[in-house]
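Tertiary structure, described
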Amino acid sequence: MENFFSILGGMGTMATESFVRLINHRTKASKDQEYLNYVLFNHATVPDRTAYILDREQESPMPYLLDDVEKQNLLKPNFIVLTCNTAHYFFDELQAATEIPILHMPREAANELVRQNTTGKVAILGTEGSMKAGIYEKEVRQLGFEAVIPDAQLQAKINHLIYHDIKESDYLNKELYYEILAEAVARFDCEKIILGCTELSLMQEYVGENEYPVIDAQSILADQTIARALQHRQATISS
């Protein structure tokens, strides 16, 4: 197969399924051959990224992720899509292990703040590991925005939704999701809310359009993936 990209996913699997569904549904195609070429690495057994960030005594995901990158080096895709937000903690090391460009999901989401002419505070919602590592906070602050990190009370609700409801129980808790968004807007007075976890993006896909000013990082990554894949396709046709 030529002119394709690869998806490094499986962290978690249901969220990766959501990402694949997005790129398939958003690709304008009237026949099979007009869809995008890609390879999916659904590496579900990668150790928990948050557990390692919070406690270095836990097993590191890095050997698993580096092995995935090594395998993708052999395949030579046009680019790699890393669909786990928390795994971007390891982004620089992963990118250093390959000449193939890896799309940076938090950076793409932060750039969306500029495109939407954001002026107020920005809430960042994600895993506890992602919050501790400052994966999104760094990107948001570099662009001059005020980043708001959940306090312990709100983070506990986010953790429950991500791990207990979605990952453990496969339960899309709409009531709790809206409660979290409402709290980010009302209690923290935020103009925008970045969904910095693919389980939260899965929730957003499930509930659809709503009143809350979310910036869905996975949705933005899907659009950027499609745009880049089509650019490569067009370049091949032109040459």
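Definitions and cut-offs
Residues numbered from 1 in each chain as written. Predicted model: local features only at pLDDT ≥ 70, side-chain atom pairs only at ≥ 80, totals over all residues. Heavy atoms only, no water. UniProt positions renumbered as here; feature names shortened; annotations may be inferred. Core = buried A, V, L, I, M, F, W, Y, C linked by side-chain atoms within 4.5 Å. Buried < 20%, exposed > 50% of the residue type's maximum accessible area, 1.4 Å probe, protein only. Helix = DSSP H or I, 4+ residues; strand = E, 2+ residues; numbered from the N terminus. Domains from an automatic or database assignment. Contact = heavy atoms within 4.5 Å. Phe/Tyr/Trp six-rings, centres within 6.5 Å; stacked < 30°, edge-to-face > 60°. Lys NZ or Arg CZ within 6 Å of the ring centre and 35° of its normal. Pairing = 2+ DSSP bridges. Axes fitted to C-alpha atoms, helices over the stretch in contact; angles between N-to-C directions. Right-handed = clockwise from strand over helix to strand, strands pointing away.

The name given to the protein chain in an unreviewed UniProt entry is Aspartate racemase, and the organism recorded there is Enterococcus hirae. What the UniProt record of the protein chain gives under Sequence similarities (unreviewed entry) is the line "Belongs to the aspartate/glutamate racemases family."

1. Here we look at the nonpolar core
Formed by 30 residues in total, the largest nonpolar core has its most connected members in F5, Y136, V140 and I194. Contributing elements (two or more residues each) for this core: β1 (5-9), α1 (13-26), α5 (105-115), β5 (122-125), α7 (135-142) and α11 (217-238). Mapping this core onto the domain boundaries places at least three of its residues in each of domain 1 (5-104 + 220-238) and domain 2 (106-216). When near neighbours in sequence (up to four residues on either side) are disregarded, F5 contacts I23, L36, N37, Y38, V39, P77, N78, F79, V81, T225 and A229. Within the second largest apolar cluster, 24 residues are counted, among which are L154, L161, F188 and L200.

2. Notes on the packing of aromatic side chains
Per the counting criterion, the structure on display carries 6 aromatic pairs. Pairing Y52 with F90 gives two aromatic rings, centres 6.1 Å apart and planes at 35°, and the pair type is tilted. Placement of the pair is Y52 in helix α2 (residues 49-54) and F90 in the loop between β3 (80-82) and α4 (91-96), with a sequence separation of 38 residues. Considered together, Y52 and F90 belong to a single accessibility category, that of buried residues. With a centroid separation of 5.0 Å and 85° between ring planes, the pair formed by Y89 and F90 is classed as edge-to-face. Among the residues examined, F90 registers a relative accessible area of 2% and is labelled buried. Above the ring of F79, the side-chain terminus of R228 is found at 5.7 Å from the ring centroid.

3. A word on the sheet that holds strand β2 (residues 38-42)
With respect to topology, 4 strands assemble into an open sheet ordered β2-β1-β3-β4, the strand pairing being parallel. Sheet topology places β2 and β4 (102-103) at the edges, where each strand pairs with a single neighbour. When β1 meets β2, the two strands line up parallel, connected through 5 bridges. Of the residues in β2, the one forming a bridge with L8 is F41. The sheet strands contacting α1 are β1, β2 and β3, and the helix crosses β2 at an angle near 165°. Of the strands in this sheet, β1, β2 and β3 are in contact with helix α3 (residues 62-75), which crosses β2 at around 160°.

4. Here's the deal with the pairing of β5
Burial along β5 is two-sided: V122 and I124 and A123 and L125, pointing in opposite directions, are all buried. Alignment of β5 against strand β7 (residues 192-195), held across 4 bridges, turns out to be parallel. Bridge pairing in β7 places I124 opposite I194.

5. Some thoughts on the pairing of β7
By the alternation rule, side chains of β7 split into K192 and I194 and I193 and L195, which are all buried. Both β7 and strand β8 (residues 214-216) contribute to a ladder of 3 bridges, which runs parallel. The residue of β8 that forms the bridge with L195 is D216. Regarding topology, helix α10 (residues 198-207) serves as the crossover connection from β7 to the parallel β8, and that connection is right-handed.

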